[in-house]
Amino acid sequence: MTTDHAAVTSDHAAHSGHDPADIDKHVRVYITVFVALMALTIITVAVSYLDLSTPMAIAVALFIATIKGSLVACYFMHLISEKKLIYAVLAITVFKFVALMLLPVLTHSNGYWVPEEHTPPAATAPSPHQ
Amino acid sequence: MEIPYAFQERRDTGLTNGKIGIWLFLASEVMLFGALFASYILIRMGAPSWPRGDTVLDVPMATFNTIVLIGSSVTMVMAWASLMRRQFGKFRMYMGATVLLGGVFLVVKYFEYTHHLHLGEYPRTNNFFAVYYTLTGLHMLHVIGGMAVNAYFWGPGAKLYKTNPVWFTQRVEHSGLFWHFVDLVWIFLFPTLYLL
């Protein structure tokens, strides 16, 4: 690599907040996150062997998955120190994603979901000729 | 004519075209997988009975694949860190490891799929397998796509490093963002399909 390229790289690194001197610190964080993700994966599988009720099992599994996902997003994807515009894009995404997840849940909890065996008989509309 | 902000950051946003582009793309990917997850919840909640994933699917194999994919995320971020440290040789090593780990994931998936197909468990068999093949199949396509891009940057695409190392480092960062997203999706797929 030429000296010019090295200069460009170090300038970019400093400008983007990733000073080469900080990279060593970043790498230590990546290793810590990796160990945490491995431990959480083992915990996820171990918990599945416990005799938990289905709602509790879902809650625990999703809670651990959310922690793992947050670690990946915050540290590997550098979301912990990202620009405002990226946060704005993600805020809209999260809002729409939550709405999407609520659709099936609300469909059930509001009683819109009518199981077939409980479907009331169709009301017979009075004939306009009667 | 040179495209502005290809690798220089805009003063107002502090972002390059590539960075904002990959995040907008990932936002659309969240909605794609989100729609499928919502469909899965709807189908499962409406089903009179639904098998627990671990009674039908191979949990040890999927656990191994989870470890492989998380490991590949670490090698991916180490590849980027190597470029930031201007260590091209190490970048090649870590990027090669990332592609190889992606390959290991696909091989395990191949054995998993062929096992189910030999048992006569097809997407048409029942809703459980329809959901399983759809979600894992779409995820697998993403793994293949990510591997193709990473392999390109490991091989012919690495030429850019000689002429513009900043741009090349940014490209690797962007392909890394996609790869980590693929890992993130699997982190949620694994418990919801295999364990619950």
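The preceding data block contains the structure.
Conventions we followed
- Residues numbered from 1 in each chain as written.
- Chains lettered and ligands numbered in written order.
- Predicted model: local features only at pLDDT ≥ 70, side-chain atom pairs only at ≥ 80, totals over all residues.
- Heavy atoms only, no water.
- Helix = DSSP H or I, 4+ residues; strand = E, 2+ residues; numbered from the N terminus.
- Buried < 20%, exposed > 50% of the residue type's maximum accessible area, 1.4 Å probe, protein only.
- Areas by Shrake-Rupley, 256 points an atom, 1.4 Å probe, with all protein chains shown as cover.
- Contact = heavy atoms within 4.5 Å.
- Salt bridge = Lys/Arg side-chain N within 4 Å of Asp/Glu carboxyl O.
- Polar contact = N/O pair within 3.5 Å; in protein donor to acceptor, adjacent residues only side chain to side chain.
- Nonpolar A, V, L, I, M, F, W, Y, C, P; charged D, E, K, R; others polar.
- Expected span 1.5 Å × (residues − 1).
- Core = buried A, V, L, I, M, F, W, Y, C linked by side-chain atoms within 4.5 Å.
- Phe/Tyr/Trp six-rings, centres within 6.5 Å; stacked < 30°, edge-to-face > 60°.
- Lys NZ or Arg CZ within 6 Å of the ring centre and 35° of its normal.
- Patch = residues over 30% accessible without salt bridge, like charges linked within 9 Å, V, L, I, M, F, W, Y side chains within 5 Å.
- Axes fitted to C-alpha atoms, helices over the stretch in contact; angles between N-to-C directions.
- Parallel < 35°, antiparallel > 145°, perpendicular 65-115°, else oblique.

1. Digging into the overall build of chain A
In step 1: Across its full length, chain A carries four helices and zero strands.
In step 2: Starting at the N terminus, the α and β elements of chain A follow one another as α-α-α-α.
In step 3: Put simply, chain A has 130 residues, and 32% of those count as buried.
In step 4: Surface exposure of chain A reaches about 8,500 Å², of which carbon and sulfur atoms provide 69%.

2. Here we look at the interface of chain A and chain B
In step 1: Contacts between the two partners involve 52 residues from chain A, matched on the other side by 57 residues from chain B.
In step 2: Joining chain A to chain B, the criterion identifies two salt bridges.
In step 3: In this structure, Asp 24 of chain A and Arg 85 of chain B form a salt bridge, with 2.4 Å as the shortest nitrogen-oxygen distance.
In step 4: For the pair chain A and chain B, the interface holds three residue pairs in polar contact (both at pLDDT 80 or more).
In step 5: Sorting the residues of the side of chain A that touches chain B by element identifies helix 1 (3-15), helix 2 (20-48), helix 3 (54-76) and helix 4 (84-109) of chain A as the ones contributing at least two each.
In step 6: For the side of chain A that touches chain B, the residue count by class is 31 nonpolar, 16 polar and five charged.

3. Re helix 7 (residues 165-195) of chain B
In step 1: Look at helix 7 of chain B: 44 Å from first C-alpha to last across 31 residues, which is about the 45 Å you get at 1.5 Å a residue.
In step 2: Burial runs high along helix 7 of chain B: 28 of the 31 residues are buried.

4. Quick word on the side chain of His 139 of chain B
In step 1: Structurally, His 139 of chain B can be placed in helix 5 (residues 127-154).
In step 2: If we skip the residues at most four places from it in the chain, His 139 of chain B touches Phe 33, Leu 69, Phe 105, Val 182, Val 185, Trp 186 and Leu 189 of chain B.

5. What to know about the nonpolar core
In step 1: Within the largest apolar cluster, 81 residues are counted, with the highest numbers of intra-cluster contacts made by Met 77 of chain A together with Trp 23, Phe 168, Val 172 and Tyr 194 of chain B.
In step 2: If near-sequence neighbours (up to four positions away) are discounted, Trp 23 of chain B is found in contact with Met 77, Leu 79, Glu 82, Ile 86, Val 89 and Leu 90 of chain A together with Leu 177 of chain B.

6. Concerning the packing of aromatic side chains
Here the distance between the centres and the angle between the planes together describe a pair of aromatic rings.
Residue and element names in this part refer to chain B.
In step 1: Evaluated as defined, the whole model comprises 23 aromatic pairs over all chains.
In step 2: Taking the centre distance of 5.2 Å and the plane angle of 90° together, the rings of Phe 105 and Trp 186 count as edge-to-face. Within this pair, whereas Phe 105 is found in helix 4 (residues 88-118), its partner Trp 186 is found in helix 7, the two being separated by 81 residues in sequence. Across the pair, Trp 186 and Phe 105 agree in class, each one buried.
In step 3: Directly above the ring of Trp 154 sits Arg 92, whose terminal nitrogen or CZ lies 5.3 Å from the centroid.
In step 4: We note Arg 124 situated over the ring of Tyr 122; from NZ or CZ to the ring centre the distance is 4.8 Å.

7. Side note on the pattern of salt bridges
In step 1: Enumeration over the complete set of coordinates arrives at six salt bridges over all chains.
In step 2: With a closest N to O distance of 2.8 Å, Arg 10 of chain B and Asp 12 of chain B form a salt bridge.
In step 3: The exposure class of Arg 10 of chain B is partly exposed, given its relative accessible area of 34%.
In step 4: Taking the relative accessible area as the measure of exposure, Asp 12 of chain B reaches 56% and is therefore exposed.
In step 5: Between Lys 109 of chain B and Glu 112 of chain B there is a salt bridge, and its shortest N-O distance comes to 3.1 Å. Residue Lys 109 of chain B and its partner Glu 112 of chain B are both found in helix 4; the two are separated by three residues, about one turn of the helix.
In step 6: According to the relative accessible area criterion, Glu 112 of chain B is buried, its value standing at 1%.
In step 7: In the salt-bridge network here, residues are joined through shared partners; they are Glu 82 of chain A together with Lys 19 and Glu 173 of chain B.

8. Side note on helix 3 (residues 59-84) of chain B
All names here are of chain B.
In step 1: Helix length check: helix 3 (26 residues) gives 38 Å between terminal C-alpha atoms against 38 Å at 1.5 Å per residue, within 8%.
In step 2: For helix 3, the N-terminal cap is Asp 58; the gap from its side-chain oxygen to the backbone nitrogen of Met 61 is 3.1 Å.
In step 3: Note on helix 3: the residue one or two positions beyond its end, Arg 86, has a positive phi of about 60°.

9. Some thoughts on the environment of Thr 44 of chain A
In step 1: Tracing the chain through its elements places Thr 44 of chain A in helix 2.
In step 2: Overall, the relative accessible area of 6% leaves Thr 44 of chain A in the buried class.
In step 3: For the pair formed by Thr 44 of chain A and Ala 61 of chain A, sequence separation is 17 residues and the distance between their alpha carbons is 6.2 Å.
In step 4: Once residues within four sequence positions are removed from consideration, Thr 44 of chain A is found in contact with Ile 64 and Lys 68 of chain A together with Pro 191 and Leu 195 of chain B.

10. What about a nonpolar patch on the surface?
In step 1: Taken together, the side chains of Val 94, Val 98, Leu 102, Val 105 and Leu 106 of chain A together with Met 45 of chain B present a nonpolar region at the surface, about 470 Å² in accessible area.
In step 2: Summarising the element assignment, Leu 106 of chain A is placed in helix 4.
In step 3: Leu 106 of chain A sits in the partly exposed class, given a relative accessible area of 39%.

11. Examining the packing of helix 3 of chain A against helix 7 of chain B
In step 1: At a minimum axis separation of 9 Å, helix 3 of chain A and helix 7 of chain B run at an interaxial angle of 175°. In terms of their interaxial angle, helix 3 of chain A and helix 7 of chain B are classed as roughly antiparallel. Residues Ala 61, Leu 62, Ala 65, Thr 66, Lys 68, Gly 69, Val 72, Ala 73 and Phe 76 of chain A of helix 3 of chain A touch helix 7 of chain B, and the partners they reach there are His 180, Asp 183, Leu 184, Ile 187, Phe 188, Pro 191 and Thr 192 of chain B.

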